[in-house]
Amino acid sequence: MTDNNRRLIAEIKKGNRLAMQQLYCLSVGRLTAACQRYIANDEDVKDVLQDSYIKIFKALETFVPQNENSLNSWMTKIVANESLNFLRKQRRDGWLTTATDILPEVQDEDDEPNTHGVSVEELHEMLRQLPDGYRTVINLYVMEEYSHKEIAEMLGISEYTSASQLFHAKRALAKMINKRRKRK
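Chemist: Even after reading the chapter, I still don't get the overall build of the chain, so can you show me in this structure?
Modeler: Scanning the chain for helices and strands turns up eight helices and zero strands. Counting from the amino terminus, the chain carries its helices and strands in the arrangement α-α-α-α-α-α-α-α. Counting only residues that meet the buried cut, the chain has 38% of its 184 residues in that class. Across the chain, contacts joining residues at least 24 apart in sequence account for 73% of those joining residues at least 6 apart.

Take a look at the structure:
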């Protein structure tokens, strides 16, 4: 961890509001992007980020840096957990409750997203267009590298549902990418 980050954390622990604002300014872009990987609605993203920053500032008292990137990783993990908590609450509204589609044993090659030539911004926007369940599972599986078993435990779903959501997320993403390519 850099000396600047150590000093910043020490000032935040003393209650220095300017230090809190500085940490916020340094991290809000990255943490917003992390939150948007899970949550599509911008107003919900703002709410989750607000809750996340409250937890971050409270938990900094006990934060112990492990390496240079540990502060960033730790804050991102808090945002991811808060995002998942938000989505679990939304689950009551019917997202990601059961797998109603049959998961094919073999995926068509056309269903596997080929992201070559797609900018990070475009891909990010396409991921935000996916339904909550698809977006959550593809993010946890591909970006966070959790197994279907771990995802199932986190979200309170079956491993089959996790695999099904991933399959359909990839298929939907592939269709969006192919549609984009045809327009160009």
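Following the structure, the description resumes.
Chemist: Teacher, can you tell me more about helix α3 (residues 42-59) here?
Modeler: Because each turn of an α-helix spans 3.6 residues, side chains separated by three or four positions in sequence point in the same direction. Look at α3: 25 Å from first C-alpha to last across 18 residues, which is about the 26 Å you get at 1.5 Å a residue. When α3 is considered as a whole, its buried residues turn out to be Val45, Val48, Leu49, Ser52, Tyr53 and Ile56. Projected down its long axis, α3 shows its buried positions confined to an angular sector of 145°, all on one face. Facing away from the buried side of α3 by more than 90 degrees, the exposed set consists of Lys46, Gln50 and Lys58. In the core, the buried residues of α3 are packed alongside α2 (17-36), α4 (70-90) and α5 (120-129). Taking the backbone nitrogen of Glu43 as reference, a side-chain oxygen 2.8 Å away marks Asn41 as the first, capping residue of α3.

Chemist: What is the right way to read the packing of aromatic side chains from this model?
Modeler: Each aromatic ring pair is characterised by the separation of its centres together with the angle its planes make. Taken as a whole and judged by the stated rule, the model has three aromatic pairs. Look at Tyr24 and Tyr53: their rings are 4.9 Å apart centre to centre, the planes differ by 55°, and that puts the pair in the tilted class. Of this pair, Tyr24 sits in helix α2 while Tyr53 is found in helix α3, placing the two residues 29 residues apart along the sequence. The exposure class of Tyr24 is partly exposed, given its relative accessible area of 38%. With relative accessibility at 5%, the residue Tyr53 sits in the buried group. Each residue in the set Tyr24, Tyr53 and Phe57 is aromatic and connected to the rest through ring pairs, giving one cluster.

The rules behind each value
Residues numbered from 1 in each chain as written. Predicted model: local features only at pLDDT ≥ 70, side-chain atom pairs only at ≥ 80, totals over all residues. Heavy atoms only, no water. Helix = DSSP H or I, 4+ residues; strand = E, 2+ residues; numbered from the N terminus. Buried < 20%, exposed > 50% of the residue type's maximum accessible area, 1.4 Å probe, protein only. Contact = heavy atoms within 4.5 Å. Expected span 1.5 Å × (residues − 1). Arc of directions from axis to C-beta. Polar contact = N/O pair within 3.5 Å; in protein donor to acceptor, adjacent residues only side chain to side chain. Phe/Tyr/Trp six-rings, centres within 6.5 Å; stacked < 30°, edge-to-face > 60°.

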